[in-house]
Amino acid sequence: MITRTRLVAGVCALLATLTAGLAFPAGAAAGEPTGQDAPKVDLVLDVSGSMRARDIDGRSRMAAAKQAFNEVLDATPEEVELGIRTLGANYPGDDRKTGCKDTAQLYPVGPLDRTEAKTAVATLTPTGWTPIGPALLKAAGDLDGGDGSKRIVLISDGEDTCAPLDPCEVAREIAAKGIGLTIDTLGLVPTAELSRQLSCIAEATGGTYTSVEHQDELTDRVNQLVDRAADPVVTPVPAKGADRCAGAPTLKSGLYSDREEFGQQRWYRVDVRPGQELRASVSVAADRAVNPGYGVLMRAVTSKGREIVRGEAAGNGRTDAISTGLRYPKAEGDDEDAPAEVVCLGVSHSFSAAPGVKTTPGLPLELTVDVVDAPSQAGDVAAFGLGRGWWLLGVLILTGFLAGLVWGWLSRWRVAVWRTN
């Protein structure tokens with residue numbers, strides 16, 4: 001009995017697997033990892049007076065940070081160019097204007113001399129203010145130039161004390177420049193307000209926020225982030241979409257970044273020759289508080305405005321990003337010298353800002369474009385009309401029919417055995 005049940009389950013699982021393989025073929029990659037220059041990391045450390053607090057495994061926050069930095073410097077991959085910037089390390093006074101300028105490059109971003117970097121870290125003493133916003137602006141400048149990955153790792157135990165230069169807005173401005181810079185944040189024994197601020201900074205650039213209360217947590221997390229900088233990445237190319245197709249930029253295969261205002265529609269153009277297929281996808285990220293219930297729509301239309309195909313998706317406030325995509329195969333023609341067709345890609349979203357939230361800059365948008373040789377009639381289910389739905393329905397009907405035959409045969413065999421016994 002157990003053997004027969006397993007046989008039925010195995011047959012049904014096999015049919016389901018075959019169906020899934022037909023219905024959802026693997027997508028093509030939209031690009032290859034870029035970044036010929038060395039990856040760069042700028043460690044930004046809060047050296048304000050509050051770092052004297054002794055609440056990390058019985059040691060001061062400053063002592064824990066120094067030990068973590070020493071261990072990270074020993075483990076930094078050779079190919080990573082690393083620098084260290086401080087905030088609040090030099091001015092001990094009460095003048096706010098001076099204190100909010102207190103950020104300095106302790107060790108320049110470049111090839112790492114571990115002994116020199118450790119010596120510089122050893123000189124640090126908790127001193128002054130917490131100018132997070134100004135430090136982030138300077139750190140972005142430290143990493144300027146080159147096409148390798150760029151990462152800021154901010155470690156702080158307190159909120160910014162230099163408003164109205166809001167560090168979250170600073171992070172959004174950095175992201176809006178499209179330079180591919182990621183900011184990761186770590187909060188040392190954080191309060192609820194500090195967690196919110198550091199989370200906002202990280203989310204604005206696609207980074208991560210981590211709460212730290214122990215020495216080993218700090219060391220391990222900074223090591224992970226430095227190692228991550230050495231991983232190959234695809235750097236998006238900034239592309240400024242237009243408000244109509246006629247003035248839109250022409251894109252080739254690759255990964256692109258843009259910003260889209262609330263209620264705005266962005267247009268891009270792609271040339272598709274006969275015998276080629278356009279595969280495009282878009283992701284829009286909510287880098288600030290938005291109202292629940294939203295969607296994203298991508299449309300491919302002709303230069304004359306006729307819609308070819310569309311992709312759409314909806315969310316309810318539980319995700320940080322929403323994505324959709326589309327495919328358009330252009331049939332081969334008799335004329336080998338036929339010109340390419342201009343396909344207009346329109347992207348719009350229905351995000352709306354929560355009360356009191358700034359609407360500029362727009363939400364970050366990432367667009368993938370891939371123009372490949374169109375699939376043959378026998379080589380890709382899309383050519384049989386999967387996008388129109390009937391092929392998937394036919395496969396499901398056939399699967400059900402075969403599963404029914406197998407189940408009926410096994411049932412009759414079971415009854416025959418029962419009668420014999």
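See the structure shown above.
Summary of the structure given here. (Residues numbered from 1 in each chain as written. Predicted model: local features only at pLDDT ≥ 70, side-chain atom pairs only at ≥ 80, totals over all residues. Heavy atoms only, no water.)

## Considering the overall build of the chain
From N to C terminus, the chain includes nine helices and 17 strands. Within the chain, the proportion of its 421 residues that are buried is 44%. Of all intrachain contacts in the chain linking residues separated by at least 6 positions in sequence, the fraction that spans at least 24 positions is 75%. For the chain, the exposed surface amounts to about 21200 Å²; the carbon and sulfur share of it is 54%. (Helix = DSSP H or I, 4+ residues; strand = E, 2+ residues; numbered from the N terminus. Buried < 20%, exposed > 50% of the residue type's maximum accessible area, 1.4 Å probe, protein only. Contact = heavy atoms within 4.5 Å. Areas by Shrake-Rupley, 256 points an atom, 1.4 Å probe, with all protein chains shown as cover.)

## What to know about the packing of helix α2 (residues 61–75) against helix α4 (residues 114–122)
With their axes 10 Å apart at the nearest point, α2 and α4 run at an angle of 175 degrees to one another. Our classification of the angle between α2 and α4 gives roughly antiparallel. In contact with Lys66, Phe69, Asn70, Leu73 and Asp74 of α2, α4 contributes Arg114, Ala117, Lys118, Val121 and Ala122. Residue composition of the contact of α2 with α4, grouped by class: five nonpolar, one polar and four charged. (Axes fitted to C-alpha atoms, helices over the stretch in contact; angles between N-to-C directions. Parallel < 35°, antiparallel > 145°, perpendicular 65-115°, else oblique. Nonpolar A, V, L, I, M, F, W, Y, C, P; charged D, E, K, R; others polar.)

## Notes on a negative patch on the surface
Where like charges cluster on the molecular surface, the negative patch consists of Asp57, Glu71, Glu213, Asp216, Glu217 and Asp220. Take Glu71: its relative accessible area is 35%, and that puts it in the partly exposed class. (Patch = residues over 30% accessible without salt bridge, like charges linked within 9 Å, V, L, I, M, F, W, Y side chains within 5 Å. Salt bridge = Lys/Arg side-chain N within 4 Å of Asp/Glu carboxyl O. Lys, Arg positive; Asp, Glu negative; His and termini not counted. Charge placed at Lys NZ, Arg CZ, Asp CG, Glu CD.)

## With respect to the sheet that holds strand β12 (residues 276–285)
Consider a sheet: its strands pair through backbone hydrogen bonds, and that pairing is either parallel or antiparallel. With respect to topology, five strands assemble into an open sheet ordered β9-β10-β17-β12-β15, the strand pairing being mixed. Bordering the open sheet on either side are β9 (237–238) and β15 (321–329), each of which pairs with just one other strand. Relative to strand β17 (residues 363–373), strand β10 (residues 254–260) is paired through seven bridges, and the arrangement is antiparallel. The residue bridging Leu255 from the neighbouring strand is Thr368, located in β17. (Pairing = 2+ DSSP bridges.)

## Quick word on the sheet that holds strand β7 (residues 181–188)
Spatial strand order, β5-β4-β1-β6-β7-β8: six strands in an open sheet with mixed pairing. Here the strands that pair on one side only, and so sit at the sheet edges, are β5 (103–110) and β8 (209–212). With direction set aside, neighbouring strand axes in the sheet form an average angle of 15 degrees. Where β7 lies against β8, four bridges are found, and the strand directions are parallel. Paired with Leu188 across the bridge in β8 is Val212.

## Details of α4
Here α4 has its buried residues at Ala117, Ala120 and Val121. The buried residues of α4 occupy an angular sector of 100 degrees when the element is viewed end-on, so they sit on one face. Across from the buried face of α4, at angles greater than 90 degrees, the exposed residues are Thr115 and Ala122. For α4, the elements touching its buried residues are α2, β4 (81–87) and β5. The N-capping residue of α4, defined by a side-chain oxygen 3.2 Å from the backbone nitrogen of Thr115, is Asp113. (Arc of directions from axis to C-beta. Polar contact = N/O pair within 3.5 Å; in protein donor to acceptor, adjacent residues only side chain to side chain.)

## Some thoughts on α2
Look at α2: 21 Å from first C-alpha to last across 15 residues, which is about the 21 Å you get at 1.5 Å a residue. When we look at burial in α2, the residues that qualify are Arg61, Met62, Ala64, Ala65, Ala68, Phe69, Val72 and Leu73. One side of α2 holds all its buried residues, which, seen down the axis, span an arc of 165 degrees. (Expected span 1.5 Å × (residues − 1).)

## Digging into the packing of aromatic side chains
Following the criterion strictly, the structure yields one aromatic pair and no others. Judged by centre distance (4.3 Å) and plane angle (20 degrees), the rings of Tyr294 and Phe351 are stacked. Remark: Phe351 occurs in the loop between β16 (341–349) and β17 and Tyr294 occurs in strand β13 (residues 294–302); sequence separation between them is 57 residues. (Phe/Tyr/Trp six-rings, centres within 6.5 Å; stacked < 30°, edge-to-face > 60°.)

## Considerations on the state of the cysteines
Counting across every chain of the model gives three disulfides. In this model, Cys168 is linked to Cys200 through a disulfide, with the two sulfur atoms separated by 1.6 Å. In this structure, the disulfide formed by Cys168 and Cys200 twists by about -50 degrees around the S-S bond and is classed as left-handed. Taken together, the residues span a long stretch of sequence, with Cys168 in helix α6 (residues 167–176) and Cys200 in helix α7 (residues 192–204) at a distance of 32 residues. Under the relative-accessibility criterion, Cys168 is labelled buried at 5%. There is a disulfide in this structure between Cys245 and Cys344, and the S-S distance comes to 1.8 Å. On the sign convention where negative is left-handed, the bridge of Cys245 and Cys344, at about -60 degrees about the S-S bond, is left-handed. Of this pair, Cys245 sits in the loop between β9 and β10 while Cys344 sits in strand β16, placing them 99 residues apart in sequence. You'll find Cys245 and Cys344 in the same group, each marked buried. (Disulfide = S-S within 2.5 Å.)

## Re the pairing of β12
Counting buried residues along β12, seven of its 10 residues qualify, which places the element largely inside the surrounding structure. Where β12 lies against β17, nine bridges are found, and the strand directions are antiparallel. By the bridge assignment, Arg279 is partnered in β17 with Asp370. As judged from the nine bridges shared by β12 and β15, these two strands associate in the antiparallel manner. Bridge assignment links Ala280 to a residue of β15, and that residue is Leu326.

## Quick look at the nonpolar core
Core analysis: the biggest nonpolar cluster contains 32 residues, and Leu43, Leu45, Ile155, Leu186, Leu218, Val222 and Val226 have the highest contact counts within it. At the level of elements, β1 (40–46), α2, β4, α4, β6 (150–156), β7 and α8 (215–229) are the ones that each hand at least two residues to this core. Broken down by element, this core gets its largest block of residues, seven residues, from α2. Residue contacts for Val222: discarding those within four places in its chain leaves Leu43, Val72, Ile155 and Leu186. Membership of the second largest hydrophobic core comes to 27 residues, among which are Val284, Val296, Leu345 and Leu365. (Core = buried A, V, L, I, M, F, W, Y, C linked by side-chain atoms within 4.5 Å.)

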